[in-house]
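Summary of structural features
Listed below are the residues making up each chain.
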Amino acid sequence: MQLASLTIPEIRAQLLSRAISAVELTEQALRFAEAENPKTNAYLHFCPERALEKARAVDARIAGGEEPGALAGVPVAVKDVILAQGLRMTCASRLLEHFVAPYDATAVTRLEQAGGIIIGKTNCDEFAMGSSNENSAFGPVRNPVAPDRVPGGSSGGSAAAVAQGTAVVSLGSDTGGSIRQPASFCGVVGVTPTYGRVSRYGLAAFASSLDHIGPLARSVHDAAVLLQVIAGRDEADATSAFAPLPDCTAELTAPVAGMKLGLPREYFNGLSSEVGGVIERAVETYRKLGCEITWISLPATAYAVACYYIICTAEASSNLARYDGVRYTTRSESAETLSDLYRNTRGEGFGAECKRRVMLGTYVLSAGYYDAYYLKAQKVRTLIARDFASAFQQVDAILAPVSPFPAFKLGEKLDDPMAMYLSDIYTITGSLAGIPCMSVPCGTTGDGLPVGLQIMAPHFEEARMLRLAAAYERAE
Ligand code: GLN
């Protein structure tokens, strides 16, 4: 069985026809993933016992003639910022190197109830802060398509695992682009749902008003199946939405002719000509599918990077205060007093990017600066959301690039945090507005580096967004 190209429907067919058992498939997947991992460092740890226990349960359901679930037997990789009870959850930080999750995230519970098999936890930027996966305390991830390049970040391991074929689908988290950008860099599908669509319960908090959990997959259909399973109201997360997700997979084959799609002018300046060319060809495909393409304007885009890095660092400085050496974390050995314990634990445990963000966030929240920075950024956030709201009066969805350039070389931007922050320009706007956005592979540059097309839709219109992505995928 070709694990590297399996899809969810193929696995289902194989299991139901008894061509393979879930236990056999899981054993193969684990062996394959462990053997391939040294090439990319996509996984931080594997969980064979848990995986095989869940696989046995799937086999028992099939043997008993029961419906085994939408993800029955599907090998899934989970970003290591999401809790799975009894497994370590490190957030790719030294500080949490030995932390064992006391409970399951809601997304984990739901995907396992649907028969999904978690085979391991994936590498990422420390506490999901970064755009290249180079901020991991446990080494960077290599892009499976071009091993001297980054896989994108922060969900670099989750994207690499799917691109490499060691998992069929994976869970990532997105605060300002961390699902879409690595999906784009590795040539896979990545979906950031509407804020509140998927429960954040059990996701280590980075910037709570921006954090999302979402799926990565090799096909739009597989991403839709995983989204369908994990979405929906959860009592344990007060910000999770009541609106039920309509059946996205059923709508994937619906026609898109007649849809009005907007191209934001502001997103096409400063784009590398290579990426621009690939995106233009993708737009042409939609025209051929019968969509009407128009230019639109999102004028507040120019302020998005500044706005995002004020809000996300403010929230991060508060969320990361809990890692104090008393609870959760590896404790500094060298402390004599309580304040030393805090200072040394955090000083020794956090990497440079986390420290930078805690300092920046504390600064923008401090008396005297709050009004000038944080409050102003909140107002700008409203303007960005209004830009989208008025654009969606004119168009059904928006097409845009995901990133100004394709995967860059390892180390290339590491010493220049500003360059790294600026590369998030096209993804953070959607995050600030809380709308659903996704990346769908739309071709490669001359060097064979994948480029993602971003599709953005109004709040709670994931089904429309996925339908557009599926139409493109079929047309290619
Ligand atoms: N690259 C962005 C950042 O560094 C986004 C990260 C994310 O979405 N988790 O904050």
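Parameters at a glance
- Residues numbered from 1 in each chain as written.
- Predicted model: local features only at pLDDT ≥ 70, side-chain atom pairs only at ≥ 80, totals over all residues.
- Heavy atoms only, no water.
- Helix = DSSP H or I, 4+ residues; strand = E, 2+ residues; numbered from the N terminus.
- Rg over C-alpha atoms; globule rule 2.2 N^0.38 Å.
- Buried < 20%, exposed > 50% of the residue type's maximum accessible area, 1.4 Å probe, protein only.
- Contact = heavy atoms within 4.5 Å.
- Areas by Shrake-Rupley, 256 points an atom, 1.4 Å probe, with all protein chains shown as cover.
- Axes fitted to C-alpha atoms, helices over the stretch in contact; angles between N-to-C directions.
- Parallel < 35°, antiparallel > 145°, perpendicular 65-115°, else oblique.
- Nonpolar A, V, L, I, M, F, W, Y, C, P; charged D, E, K, R; others polar.
- Expected span 1.5 Å × (residues − 1).
- Pairing = 2+ DSSP bridges.
- Near = heavy atom within 4 Å.
- Polar contact = N/O pair within 3.5 Å; in protein donor to acceptor, adjacent residues only side chain to side chain.
- Salt bridge = Lys/Arg side-chain N within 4 Å of Asp/Glu carboxyl O.

Once that is clear, we can look at the overall build of the protein chain. When its secondary structure is counted, the protein chain shows 16 helices and 11 strands. Taken against the 2.2 N^0.38 rule, which gives 23 Å for 476 residues, the C-alpha radius of gyration of the protein chain at 21 Å falls within 12% of a compact globule. Taking the principal axes of the C-alpha coordinates as reference, the protein chain spans close to 65 × 55 × 45 Å. Buried positions account for 60% of the 476 residues belonging to the protein chain. Partitioning the intrachain contacts of the protein chain with sequence separation of at least 6 by distance along the chain shows that 75% fall at a separation of at least 24. Counting every atom, the protein chain has about 17400 Å² of accessible surface; 53% of that belongs to carbon and sulfur.

With respect to the helices, strands and loops of the structure, Lys-54 is situated in helix α3 (residues 48-63). For Lys-54, a relative accessible area of 26% gives the class partly exposed. For the pair formed by Lys-54 and Ala-300, sequence separation is 246 residues and the distance between their alpha carbons is 48 Å. Not counting residues up to four positions away in its chain, the partners in contact with Lys-54 are Glu-112 and Ile-117.

Moving on, we get to the packing of helix α9 (residues 273-288) against helix α16 (residues 462-475). Each pair of packed helices can be summarised by the angle the axes make with each other and by the distance between the axes. Their axes nearest at 10 Å, the elements α9 and α16 cross at an angle of 95 degrees. In terms of axis orientation, α9 runs roughly perpendicular to α16. Side by side, α9 and α16 meet where Ala-282, Thr-285 and Tyr-286 of the first sit next to Leu-468, Ala-469, Tyr-472 and Ala-475 of the second. In terms of residue class, the contact of α9 with α16 is made up of six nonpolar, one polar and no charged.

Relative to the 16 Å expected for 12 residues at 1.5 Å per residue, helix α11 (residues 338-349) spans 16 Å between its end C-alpha atoms, a close match to the ideal helical length. All buried positions along α11 are accounted for by Leu-341, Asn-344, Thr-345, Arg-346 and Gly-349.

The strand order β1-β3-β2-β4-β6-β5-β10-β11-β9-β7-β8 describes an open sheet built from 11 strands, whose pairing is mixed. In this open sheet, the two strands that pair with only one neighbour each are β1 (43-46) and β8 (292-296). Ignoring which end each strand starts from, the neighbouring axes of this sheet average 30 degrees apart. Alignment of strand β9 (residues 397-401) against strand β11 (residues 450-456), held across four bridges, turns out to be antiparallel. Its bridge partner lying in β11, Leu-399 is registered against Ile-455. Sheet strands in contact with α3 are β1 and β3 (117-122), and its direction is about 160 degrees off that of β3.

The subject of this paragraph is the site of the ligand. As a matter of local geometry, the ligand sits amid 15 residues, with Thr-175, Gly-176, Ser-178, Tyr-308 and Arg-357 nearest to it. Measuring from an oxygen atom of the ligand, one finds a side-chain N or O atom of Ser-178 at 2.7 Å. At a separation of 2.9 Å, a nitrogen atom of the ligand approaches a polar side-chain atom of Asp-424. Protein contact buries 99% of the 290 Å² of open area that the ligand shows by itself. Class assignment for the residues of the shell around the ligand results in five nonpolar, seven polar and three charged.

So, about the pattern of salt bridges. As enumerated under the stated definition, the model contains 17 salt bridges in all. One salt bridge in this structure joins Lys-54 and Glu-112, with 3.6 Å as the shortest N-O distance. Placement of Lys-54 in helix α3 and of Glu-112 in helix α4 (residues 106-113) is noted, with a sequence separation of 58 residues between them. Between Asp-324 and Arg-327 there is a salt bridge, with its nearest N and O atoms 3.2 Å apart. Of the residues examined, Asp-324 reaches a relative accessible area of 10% and is grouped as buried. We classify Arg-327 as partly exposed; its relative accessible area is 43%. One network of salt bridges, in which partners are shared, links Arg-50, Lys-54, Asp-104 and Glu-112.

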